[in-house]
Amino acid sequence: MENSLSIILRPLITERATNLKALANQYVFRVLMQASKRDIKQAVEKLFKVKVLRVNTMRVPGKFRRMGKSAGACRADWKKAIVTLQAGQEIKVMEEA
């Protein structure tokens with residue numbers, strides 16, 4: 001597809017993502033809508049030099065937002081990837097964020 005830096009847009013740091021990291025060695029990223037599971041796996045392995053076991057993806061629909069009394073705009077849809085790493089491996093960059 002494209003290079004690894006353009007597939008992984010940013011890590012998601014939420015309460016749920018922190019629990020996944022602590023309990024199941026899983027990391028959550030916001031990725032391109034066109035990226036496949038194979039593309040995401042290759043990008044994470046190349047960027048962070050870790051071994052990926054599994055990638056789960058989901059499309060998150062954009063929310064409709066109102067601006068006062070008038071109808072607002074709709075936020076864009078986006079894609080989330082939950083990446084499971086092999087036991088004993090971790091992504092150090094996520095801890096600094």
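Residues numbered from 1 in each chain as written. Predicted model: local features only at pLDDT ≥ 70, side-chain atom pairs only at ≥ 80, totals over all residues. Heavy atoms only, no water.

A. Region of the structure containing the sheet that holds strand 3 (residues 52–60). The four strands lie next to each other as 1-2-4-3, forming an open sheet whose pairing is antiparallel. Bordering the open sheet on either side are strand 1 (8–11) and strand 3, each of which pairs with just one other strand. Across the sheet, the mean angle separating the axes of adjacent strands is 30 degrees when strand polarity is ignored. With six bridges connecting them, strand 2 (residues 26–31) and strand 4 (residues 78–85) associate as antiparallel partners. Opposite Tyr27, over in strand 4, you have Val83 as the bridge partner. Seen against the sheet, helix 2 (residues 15–24) touches strand 2 and strand 4 and runs at an angle of roughly 140 degrees to strand 2. Docked against the sheet, helix 3 (residues 37–48) engages strand 1, strand 2, strand 3 and strand 4, running at close to 125 degrees with respect to strand 3. (Pairing = 2+ DSSP bridges. Helix = DSSP H or I, 4+ residues; strand = E, 2+ residues; numbered from the N terminus. Axes fitted to C-alpha atoms, helices over the stretch in contact; angles between N-to-C directions. Contact = heavy atoms within 4.5 Å.)

B. Seen up close, helix 3. A rise of 1.5 Å per residue sets the reference length of helix 3, with its twelve residues, at 16 Å; its end C-alpha atoms lie 16 Å apart and thus fit the reference within 8%. Restricting attention to buried positions, one finds in helix 3 the residues Asp39, Ile40, Ala43 and Val44. Each buried residue of helix 3 lies within a common arc of 125 degrees when the element is viewed along its axis, so the set occupies one face. The exposed residues of helix 3 that point more than 90 degrees off its buried face are Arg38 and Lys46. Buried residues along helix 3 sit in contact with helix 1 (4–7), strand 1, strand 2, strand 3 and strand 4. In the stretch just after helix 3, Lys49 is the one whose phi turns positive, near 55 degrees. (Expected span 1.5 Å × (residues − 1). Buried < 20%, exposed > 50% of the residue type's maximum accessible area, 1.4 Å probe, protein only. Arc of directions from axis to C-beta.)

C. Representation of the side chain of Lys80 in the model. Within the secondary structure, Lys80 sits in strand 4. Salt bridges are absent for the buried Lys80, whose nearest opposite-charge side chain, Glu15, sits at 13 Å. Residues contacting Lys80, with those up to four places away along its chain left out, are Leu12, Val28, Phe29, Asn56, Thr57, Met58 and Val60. (Lys, Arg positive; Asp, Glu negative; His and termini not counted. Salt bridge = Lys/Arg side-chain N within 4 Å of Asp/Glu carboxyl O.)

D. Quick look at the pairing of strand 4. Counting buried positions along strand 4 gives eight out of eight residues, so the element sits mostly inside the fold. Neither face of strand 4 is open: one carries Trp78, Lys80, Ile82 and Thr84, the other Lys79, Ala81, Val83 and Leu85, and all of them are buried. In the sheet, strand 3 pairs with strand 4 via eight bridges, with the strands oriented antiparallel. For Val60, the partnering residue across the bridge sits in strand 4 and is Trp78.

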